[in-house]
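Now for the letters of each chain:
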Amino acid sequence: MPKNKIQFQKGLSLQNFLKSYGTEEDCRNRLFNMKCPTGFCCPQCGCNHYYTITTRNLYQCTACKHQSSLISGTIFGSSKLPLTTWFLAIYFITQSKDGLSALHLRRLLGISVNAAFRMKQNLIFAMLWIFIIQSTLLGYMKIQTTSSFIGSIP
Ligand SMILES: [Zn+2]
């Protein structure tokens with residue numbers, strides 16, 4: 001029987017994950033690079049020069065003084081939880097083969113049930129949204145539940 005490549009893919013160990021995203025600054029830097037891959041660009045005027053307001057975690061444009069937050073417009077925007085907690089949740093949810101309940105997520109992260117439930121819903125919605133966009137861009141979408149086929153775009 002041939003070896004299942006998906007089951008034996010390398011993955012990311014928790015130790016290596018924590019080396020990369022163990023601090024709030026690591027997570028903020030990663031999010032900044034993802035949100036602004038070519039550097040900061042003011043959403044108001046397009047200026048590339050800014051300074052940070054460290055007490056409130058805001059970026060202020062030097063030209064028009066517009067203040068923007070790194071987490072605004074992201075799934076982290078409506079939450080008061082630290083980015084390290086969100087990144088850990090992403091790690092646990094994506095590393096789980098059989099799915100992860102909100103109760104288990106709560107125990108792993110030490111947060112409330114409601115926060116874990118909302119966090120899981122937001123992350124799954126975001127992953128589903130990315131899947132749909134990628135599938136649509138590739139010209140093919142197939143969503144399959146446990147037993148029934150829902151639909152496709154040829
Ligand atoms: Zn500006």
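Since the structure is predicted, the reported quantities are computational estimates derived from the model, not experimental observations. (Residues numbered from 1 in each chain as written. Predicted model: local features only at pLDDT ≥ 70, side-chain atom pairs only at ≥ 80, totals over all residues.)

Colleague: Any details on the packing of helix α4 (residues 102-109) against helix α5 (residues 113-138)? Residues and values, ideally.
Modeller: Axis separation between α4 and α5 bottoms out at 8 Å; the angle between their running directions is 115°. In terms of orientation, α4 and α5 fall into the roughly perpendicular class. Both α4 and α5 take part in a crossing whose hand is right-handed. Contact with α4, carried on its side by Ala102, Leu103, Leu105, Arg106 and Leu109, involves Val113, Ala116, Phe117, Met119 and Lys120 of α5 and no other residues of that element. (Axes fitted to C-alpha atoms, helices over the stretch in contact; angles between N-to-C directions. Helix = DSSP H or I, 4+ residues; strand = E, 2+ residues; numbered from the N terminus. Parallel < 35°, antiparallel > 145°, perpendicular 65-115°, else oblique. Left-handed = near helix turned anticlockwise from the far one by under 90°. Contact = placed C-beta atoms within 7 Å.)

Colleague: I'd like a description of the pairing of strand β1 (residues 50-53), backed by residues and values.
Modeller: Bridge count between β1 and strand β2 (residues 58-61): 4 bridges; the pairing is antiparallel. Residue pairing for β2: Tyr50 is matched across the bridge by Cys61. Remark: 4 residues form the turn of the hairpin made by β1 and β2, two consecutive strands paired antiparallel; Asn57 in that turn has positive phi of roughly 55°. (Pairing = 2+ DSSP bridges.)

Colleague: Account for helix α3 (residues 83-95), naming residues and giving values.
Modeller: Over its 13 residues, α3 extends 18 Å from the first C-alpha to the last, a length consistent with the 18 Å expected when each residue adds 1.5 Å. Within α3, burial applies to Leu83, Trp86, Phe87, Leu88 and Ala89. The inward-facing, buried residues of α3 contact α1 (14-21), α2 (24-35), α4 and α5. (Expected span 1.5 Å × (residues − 1). Buried ≥ 20, exposed ≤ 12 C-beta atoms within 10 Å, placed from the backbone.)

Colleague: Before we move on, could you go through the sheet that holds strand β3 (residues 67-69) and cite the residues and values that matter?
Modeller: The strand order across the open sheet formed by 3 strands is β1-β2-β3, and the pairing between neighbours is antiparallel. Single-partner strands in this sheet number two, and they are β1 and β3. Each strand axis lies, on average, 30° off the axis of its neighbour in the sheet, ignoring direction. Bridge count between β2 and β3: 3 bridges; the pairing is antiparallel. The residue bridging Gln60 from the neighbouring strand is Gln67, located in β3.

Colleague: Please give an account of the nonpolar core that cites residues and values.
Modeller: If you look at the biggest cluster of nonpolar residues, it comprises 11 residues: Tyr21, Cys27, Phe76, Leu83, Trp86, Phe87, Leu88, Ala89, Leu105, Ala116 and Met119. Ranked by residues supplied to this core, first place goes to α3 with 5 residues. Not counting chain neighbours up to four residues away, the residues in contact with Ala116 comprise Ala102, Leu105, Arg106, Leu109 and Ile111. (Core = buried A, V, L, I, M, F, W, Y, C linked by C-beta atoms within 7 Å.)

Colleague: Mind laying out the environment of Phe32, listing which residues take part and the relevant values?
Modeller: By secondary structure assignment, the location of Phe32 is in helix α2. Given 14 C-beta atoms within 10 Å, Phe32 falls into the partly exposed group. Counting along the chain gives 38 residues from Phe32 to Leu70, while the straight-line C-alpha distance between them is 6.7 Å.

Colleague: Lay out unusual backbone geometry in plain terms, naming residues and giving numbers.
Modeller: The phi angle at Asn57 is positive, at roughly 55°, despite the residue not being glycine. Locating Asn57 in the fold gives a position in the loop between β1 and β2.

Colleague: Explain the environment of Val113 to me, and be specific about the residues and the numbers.
Modeller: Take Val113: it is sitting in helix α5. What makes Val113 exposed here is the crowd of 12 C-beta atoms within 10 Å. Between the C-alpha atoms of Val113 and Leu103, which are 10 residues apart in sequence, the distance is 6.3 Å. Setting aside residues no more than four positions away along its own chain, Val113 makes contact with Ala102, Leu103 and Arg106.

By themselves, these observations are geometric and do not establish any function.
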